[in-house]
Every structure is written in C-alpha cells, then in structure tokens.
Amino acid sequence: KLHGWYLEHPQARAVVLYCHGNGENVAWMGPNMHRIREAYEVSIFAFDFRGYGKSEGRPNEKGIIADGKAARTWLSERADVDPQQIVLWGRSLGGAVAVQLAAETPARGLILDRTFSSLTDVAAHHYPWLPVRHLLRNRYDSLAFIGRIQGPLLQSHGTLDGVIPYMLAEKLFAAADSAEPKRLFTMEGVGHNDPGPREYDQVLADFFRDLP
C-alpha cells in the first residue's frame, strides 16, 4: 500500500503528480504542497515511494517506477482527467521517475527539479576510482528515456549543487531533443537542498499559464 496526500483546487488550471526526492516524504512536503496549490492554482497529489514515509515495502528501481505508474492511475481516476493531461513534477530521484512515466505515456507538461542524467553518472562523479557503472543495480537512467519526451519541459538546477553536479543537468537537458518548448532555468549559487530564488516562482507560474 502506498501513502499519499491529494490537495484539490476548486478551479484547477492543471493537475500535478509530484514525485519526491530521496530522503523526503509526503509529511515533510505538506507546507510546500499547500503553497504550490495556491500559488499556481493546481490540484496536486504527492505520494511516498515504497519504503518511504508511510508506504509499505522496500525501495528498488523497478518497484518505485511501478509506484509512480500506480500513483498516476489513481490521480487520473480521482481527478477525472486523462493520464496524458497530468503534469509530472519530479525532484532529484523523483525526476527520474517522472521522466520514465512521461516517456511511457505523454504528459501535459514535465517539471524536473535538480535531477540527474543517471544515478550511475552521479556515483561516477563522486567515486571516480570505483567501477560504479558495473556495480550499481539501481541505475535510473533518465538519459535513455528523455529523448522520448514531447511537449513542454521545465528543468531547473543550482550551480552549487554538491549532490548532483550542474553538468549532469546540462547533459540531461541536451538529450531532451524532442521536448518543445523546453527551458533549463539555472539557479546561481543554489545547492541541492537550498530554496530556489524568487525568480523561479515566476518561471513556474509562466510554465503553468502557457500549458497547452
């Protein structure tokens, strides 16, 4: 069983499925979910991956991707919208989940916040002396899927991200050659867990306003 929170907006301009990062859970995200709902006039559903928060099970790549698909199906039924009308929003690890979901079934829009090209790329950056590309079982290879993405893409990343280097965001963005329109919003001086700059609020507002 998966645990999640659904915050409905009475005049929603979009329906959002939010995929959280590693070390996060729905309860931790509660205040931000309320802010997102009010600031951008959206209905938003966030859920705990298996093994996170109050969700059952143990985390692994195959299972977490399956959790994302199940969450999208639930949200589609609950909000009475086609899965292709759902905006996918993924942060860090959740970005990899959102990319795979959007590659399988087109999304109305895709938001990627401080995510990576692949988990193996991140590991290779931090441990260059280890054969991590052969050792990692969970790879979350977004680079293999991002080229299938069509429709609006908004990606953001901080230049001082010590967890996921900015260059990996650039690598992922460059491979999203079928997304249109697409934008990489660079957050100068921002780390992986730092709050985004004020300008990002307007970038997000513009993204939701311009959705097809």
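I will try to describe carefully the structure that is included in this document. Every value quoted in this text rests on a predicted model; they were computed, and no experiment measured them. (Residues numbered from 1 in each chain as written. Predicted model: local features only at pLDDT ≥ 70, side-chain atom pairs only at ≥ 80, totals over all residues. Heavy atoms only, no water.)

**Looking at the environment of D161**
Rule in force here: Every helix listed is a DSSP run of H or I at least four residues long, and every strand listed is a run of E at least two residues long, numbered separately from the N terminus. The contact criterion used is simple: two residues touch if any of their non-hydrogen atoms lie within 4.5 Å. As used in this structure description, the phrase polar contact means that two N or O atoms lie within 3.5 Å; if the pair is within protein, one of them must be able to donate a hydrogen and the other to accept it, and residues adjacent in sequence are counted only when both atoms belong to side chains.
Relative to the helices and strands, D161 resides in the loop between β6 (151–158) and α6 (166–175). Along the sequence, D161 and L110 sit 51 residues apart, while their C-alpha atoms lie 21 Å from each other. Dropping the residues within four chain positions of it, D161 is found in contact with R114, V190, G191 and H192. Only 3.4 Å separates the side chain of D161 from the side chain of H157, close enough to count as a polar contact.

**Topic: the sheet that holds strand β2 (residues 14–19)**
Keep this limit in mind: Paired strands are those between which DSSP finds at least two bridges. To obtain each axis, a line is fitted to C-alpha atoms, and for helices this fit is confined to the stretch in contact; angles are then taken between N-to-C directions over 0 to 180 degrees.
Reading across from one edge, β1-β3-β2-β4-β5-β6-β7 is the order of the seven strands in this open sheet, with mixed pairing throughout. Unpaired on one side and paired on the other, β1 (4–7) and β7 (179–187) mark the two borders of the sheet. Within this sheet the neighbouring strands show an average axis-to-axis angle of 15 degrees, counted without direction. Pairing between β2 and strand β4 (residues 86–91): five bridges, direction parallel. Its bridge partner lying in β4, Y18 is registered against W89. Helix α7 (residues 198–209) contacts β2, β3 (42–47), β4, β5 (109–113), β6 and β7 of the sheet and is inclined by roughly 170 degrees relative to β6.

**A look at the environment of A123**
By the element assignment, A123 lies in helix α4 (residues 119–126). The spatial distance from the C-alpha of A123 to the C-alpha of R139 is 9.7 Å, given a sequence separation of 16 residues.

**Concerning the side chain of S76**
Here is the rule: Relative accessibility under 20% of the residue-type maximum defines a buried residue, over 50% an exposed one, and the middle range a partly exposed one, all with a 1.4 Å probe and only protein chains included.
Mapped onto the elements, S76 comes out in helix α2 (residues 61–79). Given a relative accessible area of 12%, S76 falls into the buried group.

**Re a nonpolar patch on the surface**
Heads up, the condition is: Note that patches include only residues with greater than 30% relative accessible area and no salt bridge, and the join distances are 9 Å for like charges and 5 Å for nonpolar side chains (Val, Leu, Ile, Met, Phe, Trp, Tyr). Note that accessible areas follow from Shrake-Rupley with a 1.4 Å probe, and for residues the cover is restricted to the protein chains shown. One speaks of a salt bridge when a side-chain nitrogen belonging to Lys or Arg is within 4 Å of a carboxyl oxygen belonging to Asp or Glu.
A cluster of nonpolar side chains, Y127, W129 and L130, forms an exposed patch at the surface whose accessible area comes to about 370 Å². By the element assignment, L130 lies in the loop between α4 and α5 (132–135).

**Structural notes on the side chain of S117**
Examined against the element boundaries, S117 turns out to sit in the loop between β5 and α4. What makes S117 buried here is its relative accessible area of 0%. A polar atom in the side chain of S117 sits 2.6 Å from the side chain of D121. Each residue touching S117, except ones within four places of it in the same chain, is listed here: Y140, D141, S142, L143, L168, K171 and L172.

**Focus on the packing of aromatic side chains**
What counts, and what does not: Centres within 6.5 Å make a pair out of two Phe, Tyr or Trp rings, where for Trp the six-membered ring is used; the pair is then stacked when the planes are under 30 degrees apart, edge-to-face when over 60, and tilted otherwise. Ring-over charges, as used throughout, are those where CZ of Arg or NZ of Lys falls within 6 Å of the ring centre and within 35 degrees of the ring normal.
All chains considered together, the criterion is met by eleven aromatic pairs. Between Y40 and F208, the aromatic rings sit 5.7 Å apart at their centres with planes inclined by 25 degrees, giving stacked as the arrangement. Placement of Y40 in helix α1 (residues 26–40) and of F208 in helix α7 is noted, with a sequence separation of 168 residues between them. For the residue pair Y40 and F208, the accessibility class agrees, reading buried in each case. Between the aromatic rings of F45 and F47, the centroid separation amounts to 6.2 Å while the plane-to-plane angle is 25 degrees, which identifies the pairing as stacked. One aromatic cluster is present, formed by Y6, F45, F47, F49, Y52 and W74 through successive ring pairs. A cation over an aromatic ring shows up here: K182 above the ring of F173, its NZ or CZ 4.4 Å from the ring centre.

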